[in-house]
Amino acid sequence: MAINKQKTKEIIEEIDQLFNQLVGNINPSIKVWIEKNLLGPAFEEIKKLIEDSRPPKMFLIGRSGHGKSSLINALANKHVAEVGDVKPTTYQSIPYLIKFEESYSSWEIIDSRGLFESTSPNSLSNIINDNIEENKKINKNNHISSKNDIEQILTEEIIKYKPDIIMHVISAPETRNLSNDLRLVSKMMTKLNKTLGYKIPLIIVLTKVDTLENPRHWPLENYPAKVGILKEILDYTSDEILTVSKTPIDLNELIKGYEIKDSEDITAIIPVCSLKDDIWNIETLIDFIGQKLPENAVLEFAQAQKRKKLLRKLSSSLIIRFSSIAGIVGLSPLPISDIIILTPMQILLVTLIGGLSCRKISKETFLEFLSASGITVASGFTFRAVAHQLVKLIPIAGSVISGTIASSGTYGIGKAAEAYFFEGKIKKPIQYKDEWQEYQNNIKQIENSKKLV
Ligand SMILES: Nc1nc2c(ncn2[C@@H]2O[C@H](COP(=O)(O)OP(=O)(O)OP(=O)(O)O)[C@@H](O)[C@H]2O)c(=O)[nH]1
Ligand SMILES: [Mg+2]
């Protein structure tokens, strides 16, 4: 189970009804104000996260046999792409959709296989000193025989598919031989990004790291010589081939890959092993892709595989957004004394966090959190009954709710729900009061420092 667009719509409708029931005898102008400033923005956040979500689009470049299909299988954690030794002789880009039925998600993959097949790695040397004769060899029978052909076809394909991420797959032991391929693709991306006016992240994925040095030396971490060779290849790729400056993705383990921050074309170099029984560092690649995807493609990417870490990030940002929205209460033109007006939003938040943790999007999911927090609600409950119970979770002092109480209460409820759904831990919302305060202070500091600049 997971977030499902239809179910989310239904819950939103119920929450809207609940709100109308709860504010039955409230001043109509306050009601309109709340709808516009609280519930409206909250629904808008959900629309961005869920209703507008779409499959991530990933484009693969790489010579035949370097492990593109195996990489897709490793990323998807299931068999979706053929792995084989048949060498394609003609260029054929294959788009396909991987469906993850159980989690209502899909990925779109474009495998640009065969693109380099009729060029030897050396014939691409003319990318440095453009050899006109070589480039004149126009492709016959769809054979691609020059640097210009490759560059042109790749550019056209990328413009046609507009992928979110491009992965250039190269077998790690062959990195040196294929330095021209790497240069060609990165040069092409510089031009392409300029044409498009935005940067498509290009990740260089070095596959088959298990075959470096002695293939039987595995797991990698147990063999310092193998680690050394991999480190050398990574450095060679960044320093010598691409001449870019690098930042380790994991400071404790330099061989997990480099992020390239100031480059116009490359975003990262990440080594992996995609063999089913020896999967290595795929997690790093997945996290990295998750960070670089556009907002509306992250949900399906993470949810497909129930990637808890990424889904939790989505949940955390949703909590922050909802809490900030709740804080608007403090700006209400008329004082609002009943915290119950916030509960519809909070019920929605908790239910969605449950959904992100791969539970069902339903009343039952919300109820499960409530009873775990020590609040029992009779069976056959309505949201209305629940709303009155939920209020008990927020400590409130005085007769008027301030923006701070509204936001920190919402944050606490969200975080307690997150701890429960993602870790099975029972926490009290009040435990998160300082954390919210700290978050607010940080934001203020950042804003102040921006003003100073
Ligand atoms: N040892 C090892 N072998 C791998 C790895 N990844 C792929 N292979 C093997 O390399 C061969 C080619 O892999 P594919 O995934 O089919 O390569 P491809 O890039 O999709 O090739 P085409 O479809 O022909 O373009 C297969 O025999 C794979 O099992 C890896 O990480 N380690
Ligand atoms: Mg393949």
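Residues numbered from 1 in each chain as written. Chains lettered and ligands numbered in written order. Predicted model: local features only at pLDDT ≥ 70, side-chain atom pairs only at ≥ 80, totals over all residues. Heavy atoms only, no water.

**Re the overall build of the protein chain**
So, step 1. When helices and strands are counted, the protein chain shows 15 helices and eight strands.
So, step 2. With 453 residues in all, the protein chain has 52% of them scored as buried.
So, step 3. A separation threshold of at least 6 residues defines the contact pool for the protein chain, and within that pool the share at least 24 residues apart is 68%.
So, step 4. For the protein chain, the accessible surface area stands at approximately 20600 Å², while carbon and sulfur atoms represent 51% of it. (Helix = DSSP H or I, 4+ residues; strand = E, 2+ residues; numbered from the N terminus. Buried < 20%, exposed > 50% of the residue type's maximum accessible area, 1.4 Å probe, protein only. Contact = heavy atoms within 4.5 Å. Areas by Shrake-Rupley, 256 points an atom, 1.4 Å probe, with all protein chains shown as cover.)

**Description of the pattern of salt bridges**
So, step 1. A complete count under the given rule lists 25 salt bridges for this structure.
So, step 2. Here Arg-312 ties to Glu-418 by a salt bridge, and the two come within 3.5 Å at their closest N and O atoms. Here Arg-312, found in helix H10 (residues 308-327), pairs with Glu-418, found in helix H14 (residues 403-423); they are 106 residues apart in sequence, far enough to count as distant.
So, step 3. Under the relative-accessibility criterion, Glu-418 is labelled buried at 2%.
So, step 4. With its nearest N and O atoms 3.0 Å apart, the salt bridge here joins Lys-425 to Glu-423.
So, step 5. Classification of Glu-423 as partly exposed rests on a relative accessible area of 39%. (Salt bridge = Lys/Arg side-chain N within 4 Å of Asp/Glu carboxyl O.)

**Quick look at helix H5 (residues 147-161)**
So, step 1. Its 15 residues place the ends of H5 21 Å apart at the C-alpha level, agreeing with the 21 Å of an ideal helix rising 1.5 Å per residue.
So, step 2. Regarding H5, the residues found buried are Lys-147, Asp-149, Ile-150, Glu-151, Ile-153, Leu-154, Glu-157, Ile-158 and Tyr-161.
So, step 3. Lys-162 occupies a position one or two residues after H5 and carries a positive phi of about 45°. (Expected span 1.5 Å × (residues − 1).)

**Let's talk about the site of ligand 1**
So, step 1. Not every one of the 20 residues close to ligand 1 is listed here, only the nearest: Ser-64, Lys-68, Ser-69, Ser-70 and Asp-210.
So, step 2. Contacts to ligand 1 include Lys-208, whose side-chain N or O atom sits 3.0 Å from an oxygen atom.
So, step 3. One nitrogen or oxygen atom from the main chain of Ser-274 is found 2.9 Å from an oxygen atom belonging to ligand 1.
So, step 4. Starting from 650 Å² of accessible surface for ligand 1 in isolation, the protein chains cover 86%.
So, step 5. Residues of the shell around ligand 1, tallied by class, amount to five nonpolar, nine polar and six charged. (Near = heavy atom within 4 Å. Polar contact = N/O pair within 3.5 Å; in protein donor to acceptor, adjacent residues only side chain to side chain. Nonpolar A, V, L, I, M, F, W, Y, C, P; charged D, E, K, R; others polar.)

**Regarding the packing of aromatic side chains**
So, step 1. In total, this model carries seven aromatic pairs according to the counting rule given.
So, step 2. Measuring from ring centre to ring centre gives 5.1 Å for Trp-107 and Phe-301, while their planes differ by 20°; the resulting arrangement is stacked. One end of the pair, Trp-107, is in strand S3 (residues 105-111); the other, Phe-301, is in helix H9 (residues 295-304), and 194 residues separate them in sequence.
So, step 3. Trp-107 gets classed as buried once you look at its relative accessible area, which sits at 1%.
So, step 4. Under the relative-accessibility criterion, Phe-301 is labelled buried at 1%.
So, step 5. Consider the rings of Trp-436 and Tyr-439, whose centres lie 5.4 Å apart with planes at 25°: the pair is stacked. (Phe/Tyr/Trp six-rings, centres within 6.5 Å; stacked < 30°, edge-to-face > 60°.)

**Quick word on the pairing of strand S8 (residues 266-271)**
So, step 1. Within S8, six of the six residues are buried, which leaves the element mostly enclosed by the surrounding structure.
So, step 2. Counting the residues in the hairpin turn of strand S7 (residues 258-259) and S8 gives six residues. (Pairing = 2+ DSSP bridges.)

**Comments concerning the packing of H10 against helix H11 (residues 343-356)**
So, step 1. Two elements in contact, H10 and H11, have axes whose closest approach is 10 Å; the angle formed by their N-to-C orientations is 175°. Taken together, the axes of H10 and H11 lie roughly antiparallel to each other. The residues of H11 that touch H10, namely those facing Leu-311, Leu-314, Ser-315, Leu-318, Ile-319, Phe-322, Ile-325 and Ala-326, are Met-345, Leu-348, Leu-349, Leu-352, Ile-353 and Leu-356. (Axes fitted to C-alpha atoms, helices over the stretch in contact; angles between N-to-C directions. Parallel < 35°, antiparallel > 145°, perpendicular 65-115°, else oblique.)

**Describing the sheet that holds strand S5 (residues 202-207)**
The strands making up a sheet associate through hydrogen bonds between their backbones, and the pairing can be parallel or antiparallel.
So, step 1. Read from one edge of the open sheet, eight strands run S2-S3-S1-S4-S5-S8-S7-S6, paired in mixed fashion. For this open sheet the edge positions go to strand S2 (94-100) and strand S6 (247-248), each flanked by a neighbour on one side alone.
So, step 2. In the sheet, strand S4 (residues 165-171) pairs with S5 via six bridges, with the strands oriented parallel. Bridge assignment links Met-167 to a residue of S5, and that residue is Ile-203.
So, step 3. Each of strand S1 (57-61), S2, S3, S4 and S5 is contacted by helix H3 (residues 68-76), which is oriented at about 170° to S3, the strand it contacts most.
So, step 4. Across the sheet, helix H8 (residues 282-292) touches S1, S4, S5, S7 and S8, and the angle it forms with S8 is around 165°.

**Looking at the packing of helix H6 (residues 179-196) against helix H7 (residues 224-241)**
So, step 1. The interhelical angle for the contact between H6 and H7, taken along N-to-C directions, is 55°, at an axis separation of 11 Å. The angle between the axes of H6 and H7 places the two elements in the oblique class. Handedness of the H6/H7 crossing: right-handed. Together, Ser-179, Leu-182 and Arg-183 of H6 and Thr-237, Glu-240 and Ile-241 of H7 make up the contact between the two elements.
So, step 2. For the contact of H6 with H7, the per-class residue count stands at two nonpolar, two polar and two charged. (Left-handed = near helix turned anticlockwise from the far one by under 90°.)

**A word on the confidence of the model for the protein chain**
So, step 1. Taken over all residues, the pLDDT of the protein chain has a mean of 87, while the share at 70 or more is 90%.
So, step 2. Ignoring residues within four places in sequence, the model shows residues 126-143, a span with pLDDT below 50, making 33 contacts including any to other chains. (pLDDT = per-residue confidence, 0-100.)

**Some details on the nonpolar core**
So, step 1. Ranked by internal contacts, the top residues of the largest apolar core, which has 99 residues, are Leu-71, Leu-75, Met-167, Ile-203, Leu-285 and Ile-289.
So, step 2. Take this core: its biggest share by element is ten residues, from helix H2 (residues 28-51).
So, step 3. The residues contacting Leu-75, other than those within four sequence positions of it, are Trp-107, Met-167, Ile-282, Leu-285, Ile-286, Ile-289, Gln-305 and Arg-307. (Core = buried A, V, L, I, M, F, W, Y, C linked by side-chain atoms within 4.5 Å.)

**A few points about the environment of Lys-363**
So, step 1. Position of Lys-363 among the secondary structure elements: in helix H12 (residues 363-372).
So, step 2. Sequence-wise, Lys-363 and Ile-347 are 16 residues apart; in three dimensions their C-alpha atoms are separated by 8.9 Å.
So, step 3. In this structure, Lys-363 is in contact with Ile-11, Glu-14, Phe-381 and Phe-383, ignoring residues within four places of it in sequence.

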